[in-house]
Amino acid sequence: MTPTNFNIALAGNTNCGKTTLFNNLTGMKQHVGNWPGKTVEKKEGFFYYNNLKINIIDLPGTYSLTAYSMEEIVTRDYIVNESPDIVINIVDASNLERNLYLTVQLIELGANVILALNMNRLANKKEMIIDSKKLSELLGIPIVKIEAIDKTGRDELLSLVMKVYSSKKKTQNKIHYGNELNSHIEQLQRIIDSKIKNETKYLSKWLAIKIIEEDEEIINYVLKEQNGKTILHDASKIRKHLMEVYGDNVDAIFADARYGFVAGAVAECVNRPKVDKVTTTDKIDRIVTNKFLGIPIFLLLMYLMFQITFSAANPLVGLIRYLFGLLSQQVTIILSLLNSPDWLISLFVDSIIGGVGSVIVFLPNIFLLFLMISFLEDSGYLARAAFIMDKLMHQIGLHGKSFIPLILGFGCNVPAVMATRTLDNKRDRLLTILITPFMSCSARLPVYILFVSAFFPSNQGLIVFSLYLLGVVLAITAGLVFKTTVFRGTTSAFVMELPPYRLPTIKGSLIHMWERGKLFIIKAGTIIFLAVLVIWLLSNLPLGVLYASESSIIGIIGKFIAPIFAPLGFGVWQAAVALIFGVVAKEVIVGTFGALFNVGTQGLGVALTAVFTPLSAYSFMVFTLLYTPCIPTLASIKRETASVAWMFFVAAYLAVVAWIISFIVYQGGLLLGFT
Amino acid sequence: MNESIENYLRIIYVLVEKQSDKSSGIKITDIAKEMDVSKPSVSSMIKKLTDQKYLKSKPYSKVFLTSKGFNEARKITHNHRVIEVFLKDVLNYDMTKVHVEAHRLEHAFSDESIKRLDDFLNNPNLSPFGRFIPHKNDDVVLPEKSTLDNLKMGEFARIVSAPGKGIIRRRLLDMGVVRGARVVIERVAPLGDPIQIKVKGYSLSLRKEEAKKIDVVKE
């Protein structure tokens, strides 16, 4: 009997090979998005087996199924609400106990579980011998040994999936929590069965367990039921009793019970050497997290990552710019031949092609960055980097993993913001995002170069360095301020697994890279494109006006805003317009000045000296360093925080900070007698 | 030895364990409450114990264990808790019954039997209730309550309890930092923090400020 809609879910810890299996089964036939309203990645795909189309979803990696994290809630909600036909639980054989802790909870949830035992080769290297048949009996679920990276066990797994599905046998729950706990669970289960009359999608036993555990989500669910309050009252009596008997809180009691059950099963089915063998991972770690070598190695790797993401991408970026330039030329020629009006040519060339070009030009950096990050993550090194940097980061209220986005920010804030995905905790992610824009990105450099060559010819390097330094100092300050105000009282823990080192698969990394890059193109791309279009409109109206001149709408807006910048030393409309354009992309500032003063790059330095003084030039550079980040960055911020409010907050607070600091610089400078 | 004398010594030992300042004595009212017995009965027993040199006391005030009393109390406590481990782990008794049954059996086991039981159970350090099992040469009633951050590299210990509350606690529990779990510090980060421990067969890193809140007992 062939089902019409066959759905499988993959569940398991992070680092257990789950995504590798998903990628190998679906290849490019996968789609990455977000769970609605959440910042958790949703990966779905499909593949064919024996002419049957199987839909497969890669649930987020989790260690448990509590109500404490988005990933766990998303996972258990999916299993309960969507009732996948089979849940394949990938388990790392070399790390059985902790992996089985989740298995136990999947069984509790009532999922139809098949256990795929992965990484057996690694377990063998540790001289662990696992009797999977016995383990299967003790747990009450079928087990297949696989290696996710190749096809080992793949056929057995899939045919077992079909077999289990057609046998219609439900997973038996053989979990034993100890007599004491068992009897109380059953007691509450009976109460629930009698008091909750409507069909509930949850198993009553699972509800009983969760209620005793004080699971927030479930308690809220039960409160909505008619007899909810009585059930909760009975539960609290049970809870109190258990706490007296065990001398600990219910969460520890259950964790203990589950781990106890798992430990018992493992003791019976696994033969391991008396003393743990020294693994390759251990040997590598002795060097990589070594007291003296650790930091130098880390800095070297960061430098390499930086170089690859930005320098190696440059030829490609150059190529793209060249191609788009070519395209602009050709289109201009064609349209002129068709006698198109000037404004139409400008629309196509400046706005549309220019707009799309400004999106595409990011791609080499973005793709390379994602490739680098997925390499770091999958190899296991990212965890070590966080381990090494945490002490420093923690002092500013950040997490060890925040270091990487901040470093990337020096190249480009867009991938830097995206890199905050590696932070599991929302608070850490948000805080890191809030201070990443202080890292002076490479797009601001052309502005610095322009001004220092015109105003500080003998101190160019020093001045530029001072700007970078200012950025870092303000980042640290902002971090500390946020830590004690907006984020006060919310600390996040640094409780992080250090997985064994693994060689990432090229296929997996490339898929990662493509999926995430694609998302950037679609989301950020749309916004950038629209912004360019708007600016173009404002620069070309009223009709007939010279592009972005004083009498165009944008010029009028510039003149209107300019007084705000007067106390900062550059209250001229050209500066205002340049800064507005700079919100689209910082590198545009230089080109804008060129257009507004109607000079080529040669004469620009001279033209600027008419309008700026050295002091106001420095003040302007400070403003450029600090103010609202470019639209692609803002778009990424919106995406990574799933909130327009935070995006506007960043745009606003940075503008304010920029104004204040520039003010201090300019006015302070005047007071000190600089010009 | 007289059963009731043994019982009193054990209770007094428990009360001393609970004290933060081990040098201040034990109040008679506390003993009465703990044993659920009237004050006069306690008083007469205290007199007996003082006569037999297990306790030092002044009338109507606090009592202190002498070193003879301390040694005896420690032995009885040891025996009681080792038997508890046996009842729970080997005979699968419910937690509710373990204490009462141990209470019944402790007076019946000879020194030799206790020694063999200890060997059989591999000299456990922790009772099922998370209490430290004192051994013959332990100088203090409780060793400095050791915390995870105090362990030296390579030193094995067992978790007594996971810290505090909220998400961090939950996370630690889920990661296997549960009572009785065997842990060892593998390394420390180059800047001195965080630390990397091995628990449940894998490597976990956490900050010293969290490790400080996790009570352990060295093996």
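For clarity, every value in this text was computed on a predicted model and none was experimentally measured.

1. Brief notes about the domain arrangement of chain A
One frequently used descriptor of interface size is the decrease in accessible area upon assembly of the parts. All names here are of chain A. Partitioning chain A into domains gives domain 1 (6-167) and domain 2 (179-246). Once you take the C-alpha centre of each, domain 1 and domain 2 turn out to be 28 Å apart. Each partner contributes to the interface: domain 1 provides 8 residues, whereas domain 2 provides 8 residues. Elements represented by at least two residues in the side of domain 1 that touches domain 2 include exactly α2 (70-82) and α3 (96-109).

2. Structural notes on α3 of chain A
Residue and element names in this part refer to chain A. With 14 residues, α3 extends 20 Å between its outermost C-alpha atoms, agreeing within 8% with the 20 Å of an ideal straight helix rising 1.5 Å per residue. Where burial is concerned, most of α3 is hidden: 12 out of the 14 residues are buried. Buried within α3 we find Leu 96, Arg 98, Asn 99, Leu 100, Tyr 101, Leu 102, Thr 103, Val 104, Gln 105, Leu 106, Ile 107 and Leu 109.

3. Looking at the sheet that holds strand β3 (residues 41-49) of chain A
Residues and elements named next belong to chain A. Pairing within the open sheet is mixed, and its 7 strands lie in the order β2-β3-β4-β1-β5-β6-β8. Only two strands of the sheet have a single neighbouring strand rather than two, namely β2 (30-34) and β8 (143-145). Taken over all neighbouring pairs, the strand axes of this sheet differ in orientation by 25 degrees on average, direction set aside. Bridge count for strand β1 (residues 6-12) against strand β5 (residues 86-92) is 5 bridges, and the pairing is parallel. Each bridged residue has a counterpart across the sheet, and for Ala 11 the counterpart in β5 is Asn 89. In this fold helix α6 (residues 154-167) packs onto β1, β3, β5, β6 (113-118) and β8, with an angle of close to 170 degrees to the strand it touches most, β6.

4. A word on the domain arrangement of chain B
Residues and elements named next belong to chain B. Segmenting chain B into domains produces domain 1 (1-142) and domain 2 (146-218). The C-alpha-based centres of domain 1 and domain 2 are spaced at 30 Å. Each side of the interface is counted separately: domain 1 has 4 residues, and domain 2 has 6 residues. Taken together, the residues of the side of domain 1 that touches domain 2 sort by class into 2 nonpolar, 2 polar and no charged.

5. Thoughts on the pairing of strand β4 (residues 52-58) of chain A
All names here are of chain A. Here β1 runs beside β4; their pairing, made up of 5 bridges, is parallel. Its bridge partner being in β4, Phe 6 is matched across the sheet by Ile 54. In terms of strand pairing, β3 meets β4 through 7 bridges, oriented antiparallel. Bridge pairing links Phe 47 to Ile 54 in β4. In sequence, β3 turns back onto β4 through a hairpin of 2 residues, with Asn 50 there showing a positive phi of about 50 degrees.

6. Some remarks on the nonpolar core
Core analysis: the largest hydrophobic core is formed by 217 residues, its most contacted members being Leu 10, Ala 116, Val 584 and Met 621 of chain A together with Val 177 of chain B. When residues in this core are grouped by element, the largest group, 11 residues, is from helix α11 (residues 250-269) of chain A. Other than its neighbours up to four places away in sequence, Val 584 of chain A contacts Ala 531, Val 532, Ile 535, Cys 630 and Ile 631 of chain A. Counting residues in hydrophobic clusters, the runner-up holds 19 residues, among them Ile 12, Tyr 13, Val 16 and Ile 46 of chain B.

7. Here's the deal with the confidence of the model for chain B
Residue and element names in this part refer to chain B. Looking at chain B as a whole, the pLDDT averages 85, with 92% of positions reaching at least 70. Confidence, expressed as mean pLDDT per element, reaches its minimum in chain B at strand β8 (residues 215-218) with 82 and its maximum at strand β6 (residues 195-199) with 94. Across the interfaces of the predicted complex, the ipTM metric reaches 0.81, alongside a pTM of 0.79.

The rules behind the values
Residues numbered from 1 in each chain as written. Chains lettered and ligands numbered in written order. Predicted model: local features only at pLDDT ≥ 70, side-chain atom pairs only at ≥ 80, totals over all residues. Domains from an automatic or database assignment. Contact = placed C-beta atoms within 7 Å. Helix = DSSP H or I, 4+ residues; strand = E, 2+ residues; numbered from the N terminus. Expected span 1.5 Å × (residues − 1). Buried ≥ 20, exposed ≤ 12 C-beta atoms within 10 Å, placed from the backbone. Pairing = 2+ DSSP bridges. Axes fitted to C-alpha atoms, helices over the stretch in contact; angles between N-to-C directions. Nonpolar A, V, L, I, M, F, W, Y, C, P; charged D, E, K, R; others polar. Core = buried A, V, L, I, M, F, W, Y, C linked by C-beta atoms within 7 Å. pLDDT = per-residue confidence, 0-100.

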